[in-house]
Amino acid sequence: MLTVLALMSVALLGIVPEQTEAIVIYTGWERHALVGSDIRLACSFFSWRWTSEDVTFSWTYRPDGSRDSISIFHYTGGAAYVDNKGPFMDRLEFVGNPSRRDGSILIKNLEFSDNGTFTCDAKNPPDIVGRPSSVRLLVFEKVPIQAGVITGAIIGVVLGLLILIVAIYYLMRFLVARRVFSINVSKHGKKKKEGSQQKQLWTPPPVTLYPLP
Amino acid sequence: MLLLLLGIVLLHIVALVLLLVSTIVSVWTSNDTGTSDLWYNCSTATGGHHCNPASTGEWIQAVQALMILSIIFSVLSLVLFFCQLFTLQKGGRFFLTGTFQILASLFVMSGAIIYTVMSPEWVPKDDTYGYSYILAWVAFPLALISGLIYVILRKRE
């Protein structure tokens, strides 16, 4: 009875995750690039299954302000099919490694009209249930400074200077105190040598050290 | 004596609160449909309250940094005041406290000046200055006076 229960629970544990697992696709959230440069849009996925030979990747593009998306890339059956009619004709290249679950594409010579949302959809049969992931491409003439970089830099520099000044102040106090300490010791040392020549009738004075006030 | 002490601490805290409100509340510019700067641009133009992060130009980031630094220095000055209150010798002056508070007031002043001079670059012409901006300008003389009082004040038993 117990063994039957144990076997049933093991079987359930084995079945239930396979029914509730889904493929999870990862792309970036947003990419910034300069006009005329190349950009690599990364896409990878996580799946509980081994990477099958029928794994497929497909990229679709939706321009900013438009509601329609077009397909620009498809990888299936071991072959990659790039855009040969649309806006990315002769500018798209497949740089991914499907066996390593990487479906990245390279877009060359960016133009302002490339601003938009790129969606990657990957399927790893029999694991096909999943949500495509989108990355937004922003093409700039000049890459803007990210929010908070200059703020953090100014705050860091000023606080660093403050800490440096405090450290130097305490170091100077420590060094000056040490110099006073060493001067007193050398004076008493000279007096002691003269006293030993006079048959030790002269008792050495007590060593007193004056700390810096 | 105690009254004087309380008054000075109260002045310091009022300046600090003004600095905090001016920095945290994002109403340096306001117009009919919304407010903007330092951190968020909020508008009620397209129905409902929408807030977007403020523009990421160099000057607005400099103003953000200077306001945050002024808050940090004012808080440090308050902490140092209580430290020096118990450790300073009789007749000594609160130099360190006063220095930090005067530095805080200088940071607020430069932040407000930079905002005044450079904001026409990203703010439309018919927008008016909001209350955070005014509070920053009020906090500057309060912090300066508070710092000068610390420098002049002598410790008595």
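In this text, all values refer to a predicted model and were calculated from it rather than measured experimentally.

**Some points on the overall build of chain B**
Counting its regular elements, chain B contains 4 helices and 5 strands. When the elements of chain B are put in sequence order from the N terminus, they spell out α-β-β-β-β-α-α-β-α. Among the 157 residues that make up chain B, the fraction classed as buried is 44%. Partitioning the contacts of chain B with sequence separation of at least 6, the portion at a separation of at least 24 is 68%.

**Quick look at the state of the cysteines**
All names here are of chain B. Tallying each qualifying case throughout the model produces 2 disulfides over all chains. Across the disulfide from Cys42 sits Cys51; the S-S distance is 1.9 Å. Because the sign of the S-S torsion sets the handedness, a value of about 105° for the bond joining Cys42 and Cys51 places this disulfide among the right-handed ones.

**Considering a nonpolar patch on the surface**
Residue and element names in this part refer to chain A. A contiguous nonpolar patch, built from Val157, Leu161, Leu164, Ile168 and Met172 and spanning about 480 Å² of accessible area, is present on the exposed surface. Tracing the backbone through its elements, the reader meets Ile168 in helix H2 (residues 149–197). The exposure class assigned to Ile168 is partly exposed, which follows from its relative accessible area of 47%.

**Quick word on the sheet that holds strand S5 (residues 128–129) of chain B**
Residues and elements named next belong to chain B. In space, the 5 strands of this open sheet follow the order S4-S3-S2-S1-S5, with antiparallel pairing throughout. Of all strands in the sheet, those bounded by a partner on one side alone are strand S4 (50–53) and S5. Looking at chain direction, strand S1 (residues 29–30) and strand S2 (residues 34–36) are connected through 2 bridges and run antiparallel. Within S2, the residue paired with Ser30 across the bridge is Thr35.

**Digging into the UniProt feature "signal peptide" (unreviewed entry) in chain B**
Summarizing the sequence annotation, UniProt attributes the feature "signal peptide" (unreviewed entry) to residues 1–29 of chain B in the numbering used throughout. The span residues 1–29 of chain B shows a helical share of 79% and a strand share of 3%, and its end C-alpha atoms are spaced 42 Å apart.

**Some thoughts on the pairing of strand S7 (residues 79–82) of chain A**
All names here are of chain A. In this structure, strand S6 (residues 70–76) lies alongside S7, joined through 4 bridges in antiparallel fashion. Bridge pairing in S7 links Phe73 to Val82. Between S6 and S7, which pair antiparallel one after the other, the connecting turn spans 2 residues, and Gly77 there sits at a positive phi close to 55°.

**Some points on the interface of chain B and chain A**
Chain B puts 13 residues into the contact, and the matching count from chain A is 12 residues. Of the roughly 1,000 Å² buried at the junction of chain B and chain A (both faces included), carbon and sulfur atoms supply 77%. Of all residues in chain B, Thr56, Gln61 and Leu69 of chain B bury the most surface against chain A, accounting for 43% of the area lost on that side. Applying the counting criterion to the chain B and chain A interface returns 0 salt bridges. Joining chain B to chain A, the criterion identifies 5 residue pairs in polar contact (both at pLDDT 80 or more). Of all elements in the fold, only helix H2 (58–87) and helix H3 (95–118) of chain B reach the threshold of two or more residues within the side of chain B that touches chain A.

**Observations concerning the pattern of salt bridges**
All names here are of chain A. Evaluated as defined, the whole model comprises 6 salt bridges over all chains. Two residues, Glu111 and Arg91, come together in a salt bridge whose shortest N-O distance is 4.0 Å. With Glu111 in the loop between strand S9 (105–107) and strand S10 (116–123) and Arg91 in the loop between S7 and strand S8 (92–94), the pair connects residues that are 20 residues apart, well separated along the chain. In this structure, a network of salt bridges that share partners links the residues Arg91, Glu111 and Asp114.

**What about the sheet that holds S8 of chain A?**
Residues and elements named next belong to chain A. Taken in spatial order, the 3 strands of this open sheet run S3-S9-S8, and their pairing is antiparallel. The two strands at the open ends of the sheet, each matched to only one other strand, are strand S3 (39–41) and S8. The average undirected angle you get between the axes of adjacent strands in this sheet is 25°. Here S8 pairs with S9 via 3 bridges, running antiparallel.

**Structural notes on the packing of helix H1 (residues 2–24) of chain B against H2 of chain B**
Residues and elements named next belong to chain B. Across the interface, H1 lies against H2 with an axial gap of 9 Å and an inter-helix angle of 160°. Overall, the two elements H1 and H2 adopt an arrangement that is roughly antiparallel. Crossing angle aside, the handedness with which H1 passes H2 is left-handed. Of H2, the residues touching H1 (which contributes Leu5, Val9, His12, Ile13, Leu16, Leu19, Leu20, Ser22 and Thr23) are Met67, Ile68, Ser70, Ile71, Ser74, Val75, Ser77, Leu78, Phe81, Phe82 and Leu85. Residues belonging to the contact of H1 with H2 are distributed by class as follows: 14 nonpolar, 6 polar and no charged.

The rules we used
- All residue numbers refer to position in the chain's written sequence, counted from 1.
- By the order in which they are written, chains take letters starting at A while ligands take numbers starting at 1.
- Owing to the predicted nature of the model, reporting of local features is limited to residues with pLDDT of at least 70; listing and counting of side-chain atom pairs is limited to 80 or more, with chain, interface and lining totals taken over all residues.
- The basis for every side-chain value is the complete set of non-hydrogen atoms in the structure, without hydrogens or water.
- By the criteria applied, helices consist of DSSP H or I runs no shorter than four residues and strands consist of E runs no shorter than two, each listed in order from the N terminus.
- Relative accessibility thresholds used throughout: buried, under 20% of the residue-type maximum; exposed, over 50%; partly exposed, between the two (1.4 Å probe, protein chains only).
- Residues count as neighbours in contact if any of their non-hydrogen atoms are within 4.5 Å of one another.
- The term disulfide is used for any two cysteine sulfur atoms that are within 2.5 Å.
- Only residues whose relative accessible area exceeds 30% and that form no salt bridge are eligible for patches; like-charged ones are grouped when within 9 Å, while nonpolar side chains (Val, Leu, Ile, Met, Phe, Trp, Tyr) are grouped when within 5 Å.
- Working definition of accessibility: Shrake-Rupley area with a 1.4 Å probe, residue cover restricted to the visible protein chains.
- A pair is scored as a salt bridge if a Lys or Arg side-chain nitrogen falls within 4 Å of a carboxyl oxygen belonging to Asp or Glu.
- The rule for pairing is simple: two strands pair if DSSP sees at least two bridges between them.
- UniProt positions are given in the numbering used here, feature names are shortened, and annotations may be inferred rather than shown by experiment.
- Once two parts are put together, the accessible area they lose, assessed with a 1.4 Å probe and summed over both, is termed the buried area.
- Polar contacts here mean pairs of N or O atoms no more than 3.5 Å apart (in protein, one a potential hydrogen donor and the other a potential acceptor; neighbouring residues in sequence count only if both atoms are side-chain atoms).
- Here the axes come from fitting lines to C-alpha atoms, over the contacting stretch only for helices, and the angles between their N-to-C directions go from 0 to 180 degrees.
- Any angle that is under 35 degrees is reported as roughly parallel, and any over 145 degrees as roughly antiparallel; angles of 65 to 115 degrees are reported as roughly perpendicular and all others as oblique.
- Definitions for this section: a left-handed crossing has its near helix turned counterclockwise from the far helix by less than a right angle. A right-handed crossing has that turn clockwise.
- When residue character is reported, Ala, Val, Leu, Ile, Met, Phe, Trp, Tyr, Cys and Pro are called nonpolar, Asp, Glu, Lys and Arg charged, and the others, Gly included, polar.

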